[in-house]
Amino acid sequence: YDPKFIKKHANELSADGVERPAARLFSNPPGDYGSMVNEVVGSGDWQNEDSLGETWKGRNVFAYGRNEGSGSGGTARPKVLDKLLATTERVVQEIDSVEYGLTDIQEYYANTGALKKAAENRKPVDGNSGERKKVALSVIEAFGGGSGDTAKVPVRDVEDVLRLEYRSKLLNPKWRDAMIAQGSGGAYEVSQRMTAMVGWAATTKVDNFVFSEAAERYALDEDVSRALQKSNPEAWKNTVRRLLEAAGRGMWETDEETLDKLRELYADADDMVERVASSFQKE
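1. A closer look at the nonpolar core
Logical step 1: Core analysis: the biggest nonpolar cluster contains 65 residues, and L102, Y166, M197, W200 and F211 have the highest contact counts within it.
Logical step 2: Looking at this core, the element that brings in the most residues is helix α8 (residues 184-203), giving nine residues.
Logical step 3: Not counting residues within four places of it along the chain, the set of residues in contact with W200 comprises L102, T103, Y108, Y109, G113, L137, V158, L162, Y166, K205 and V206.

Here it is as structure tokens:
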């Protein structure tokens, strides 16, 4: 047993003939940015959850450091990254802002969530369950816990953080009403969080009640749905679309009556978007 895991894994890679096996800082190709996972989730053009992890991995194989590349350039080191992912048991994400949490922007699931999924893709399949071993994801809220040497910084499991954020924002009637009052911009914020919810459900887990209550508060509430559709038809269409997508991908279990109602709403939203687009073309 070697407690120095960097050395241990570097020695194993070196034994396999890998040069400079101590690479640990990985990112996108030089001059490029983003994991592309949020773009894929946004388009809905992805096969399964594992594919999102592979999208992340394919975009982050470049190692950076003193001996990598020339100048600011990196070096593609897919074999080293594969080894590191295979031996990863926990991913840690720091949040340093009270303004933006995991559910507020696309980049968290597109990077941290997809990294978790990429590591899980490289775990062996359990013979009994037929599933791969899960990789833990811890969230450190660096803005809390006070200051000084004795300060305690909260560390929570991602499922607990997601649950807390959804209850305090997306599922909170006061937050919802504030978004509706903002008009088009507020409807857009709701829409973006619905897309991110699908991204998180694909890369980790989102409780079933979150989807159910989101459907009740934004789609099945006639007054709310009417207000969102009026202020931003495209955002409203995406809100309903993500609920249907979640059900279709097995992320959300609900009854057929609810799904039929959502399908009707989506058809109405589609017609509304087409009418708005036609009116602009005539002008």
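Next, the rest of the story.
2. Some points on unusual backbone geometry
Logical step 1: The residue M36 is not glycine, and still its phi comes out positive at about 70°.
Logical step 2: If you trace the backbone, M36 turns up in the loop between β1 (26-27) and α2 (37-43).

3. With respect to the sheet that holds strand β4 (residues 90-95)
Logical step 1: If you walk across this open sheet you meet the three strands as β4-β5-β6, and the pairing is mixed. The open sheet has two edge strands, β4 and β6 (155-157), and neither has a second partner. Taking the axes of each pair of neighbouring strands and ignoring which way they run, one obtains an average angle of 30° across the sheet.
Logical step 2: Bridge count between β4 and strand β5 (residues 136-141): six bridges; the pairing is parallel. Its bridge partner lying in β5, I95 is registered against E141.
Logical step 3: Each of β4 and β5 touches helix α5 (residues 107-120); the most contacted strand, β4, lies at about 160° to it.

What counts and what doesn't
Residues numbered from 1 in each chain as written. Predicted model: local features only at pLDDT ≥ 70, side-chain atom pairs only at ≥ 80, totals over all residues. Heavy atoms only, no water. Core = buried A, V, L, I, M, F, W, Y, C linked by side-chain atoms within 4.5 Å. Buried < 20%, exposed > 50% of the residue type's maximum accessible area, 1.4 Å probe, protein only. Helix = DSSP H or I, 4+ residues; strand = E, 2+ residues; numbered from the N terminus. Contact = heavy atoms within 4.5 Å. Pairing = 2+ DSSP bridges. Axes fitted to C-alpha atoms, helices over the stretch in contact; angles between N-to-C directions.

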